[in-house]
Amino acid sequence: MTVAPNAARPLAGVRIVEISSFVAVPLAGMTLGQLGAEVVRVDPIHGAADYRRWPVTDAGTSIYWAGLNKGKRSVAADILSPEGQDLVARLIADSGVLITNVAGRQWHSYDTLTRLRPDLIHLEVSGRADGGTGVDYTVNAGLGFPMVTGPAGLASPVNHVLPAWDVSCGIYAALSVVTALRHRDATGQGQRISIPLENVALATAGNLSFLTEAMVNGTSRERIGNSIYGQYGQEFTSSDGASFMIVALTKRHFRDLTELTGTSNAVAALAETLDADFTDEGERYQHRDALTGLFADWFSAHTASEVSEALSASSVLWERYRTFAEVVADEKVTANPMFTKLDQPRIGEYLAPGLPVAINGDYPRAVPAPALGDDTGGVLAEWLGLSETEIGRLTDSGTVR
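I will try to describe carefully the structure that is included in this document. Numbers given for residues are sequential positions, taken from 1 along each chain in its written order. Where local features are concerned, this predicted model is filtered to residues with pLDDT of at least 70; where side-chain atom pairs are given and counted, the filter is 80 or more; whole-chain, interface and lining totals use all residues. Where side-chain values are given, they derive from all heavy atoms of the structure, hydrogens and water being excluded.

1. Brief notes about the side chain of Ser109
Only DSSP runs of H or I reaching four residues or more are called helices, and only runs of E reaching two or more are called strands; each is numbered from the N terminus. Relative to the elements of secondary structure, Ser109 occurs in the loop between β4 (97-100) and α4 (110-113). Here the side chain of Ser109 touches Thr112 through a polar contact of 3.0 Å, side chain to side chain. Each polar contact in these results corresponds to two N or O atoms within 3.5 Å; when the atoms are within protein, one needs to be able to donate a hydrogen and the other to accept it, and residues that are neighboring in sequence are counted only if both atoms are side-chain atoms.

Dropping the structure here:
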């Protein structure tokens, strides 16, 4: 499958080789591809560890793999054989950019590849800075977040479903490649970039003050369920069982919430009783349970439709909790220009997101993901100038698929 280059995209003309599996690096490669780069994902002959990862179709095709490899080209090679390694090394040298999370392989290390391409941009995502292995959920377990996720009073850890560190790492990786390309354009020099997944998580926890709070105040963040730390935010349930997340960040938000729920006088009386100033966000947070008790009656006395209509007419920040099945039928997907119909071979037609960034008002559209090895012949011919005879020999020998 040949992906047509788009000259209007910022990275048009850039070639990238990706050797990866799972989330962070595949996301980085897909993002760079959506920005205009030509990204070739190189996998072992029978696919990397994520090629059949769930969810899958009834026929066993990975929906997951297709989602993170849209718009790439696929080369399948015997990367355990010297000839396969040499072939992939030549592709990397031709492109000038390698992104990978398959660490510890001497044949595609920075030191080895820069002998072929001195200005190489070589980005490697690892598990931990000390060289140890780690994935999103093991990194997260050692960071503190599972101990503050979940209902208040719960003693056991709760993992969040979103692989937040993988996603953050993927975006950091894409950003790093873009800055390295600019550096190379300006100086002619490549760069060796290392991104430990654990460091991404630690940096984020520090930047958001979770770690700093423990260092400075000597306290760890408390587990508060669906409340929002330091602000007033809470889940409420309507009379017909729908759940809503309500957030009041500003004085205006909070005033509108009290007026909407008919609790202005009760809130004023509560403030006087507690000697509290509810114009202060910290005090709203400290007394959140008492405030929630006042607001909850209004929500439980109104249907989801009535709650939605009333909230829509106010400044209060809110959203109804929805399932994934409900979201895909909502206009935020069906009428969103970021989503376009994609006919993905082996999976079917569905609405797929492109890049969540509009460039000059245009969202780069989603392009189908390849099947394993779909582009092996084309890439070898276009990038390395191999003839049909040479490609046939490599295929017959099992060096490529």
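Having seen it, we continue.
2. Describing the pattern of salt bridges
What makes a salt bridge here is a side-chain nitrogen of Lys or Arg within 4 Å of a carboxyl oxygen of Asp or Glu, nothing more. Overall, the coordinates contain 16 salt bridges when judged by the stated rule. Residue Asp362 pairs with Arg9 through a salt bridge whose shortest N-O separation is 2.9 Å. Of this pair, Asp362 sits in the loop between β11 (348-353) and α16 (376-384) while Arg9 sits in the segment before β1 (15-19), placing them 353 residues apart in sequence. Working definition: with a 1.4 Å probe on protein chains only, accessible area under 20% of the residue-type maximum means buried, over 50% means exposed, and in between means partly exposed. Residue Asp362 is classed as partly exposed on the basis of its relative accessible area, which comes to 38%.

3. Topic: the packing of aromatic side chains
Working definition: an aromatic ring pair is given by the centre-to-centre distance plus the angle between the planes. Pairing of aromatic side chains here covers Phe, Tyr and the six-membered ring of Trp, requires ring centres within 6.5 Å, and sorts the geometry by plane angle: under 30 degrees stacked, over 60 edge-to-face, intermediate tilted. Using the criterion set out here, one finds eleven aromatic pairs in the structure. A centroid spacing of 6.5 Å and a plane angle of 75 degrees characterise the contact between Tyr232 and Phe254, whose relative ring orientation is edge-to-face. Of this pair, Tyr232 sits in strand β7 (residues 232-237) while Phe254 sits in helix α9 (residues 251-260), and the two are 22 residues apart along the sequence. Residue Tyr232 shares its accessibility class with Phe254, and that shared class is buried. Both rings, one in Phe244 and one in Trp318, keep their centres 6.0 Å apart while their planes meet at 40 degrees; by these two values the pair is tilted. In this pair, Phe244 is assigned in strand β8 (residues 243-248) and Trp318 in strand β9 (residues 317-320), connecting sequence segments 74 residues apart. We classify Trp318 as partly exposed; its relative accessible area is 26%. Just above the ring of Tyr64 sits the side chain of Arg53; from NZ or CZ to the centre is 4.7 Å. The ring of Tyr229 is capped by Arg221, whose NZ or CZ atom sits 3.7 Å from the centre of that ring. The criterion for a charge sitting over a ring is simple: Lys NZ or Arg CZ within 6 Å of the ring centre, and within 35 degrees of the ring normal.

By themselves, these figures tell us nothing about what the structure is for.
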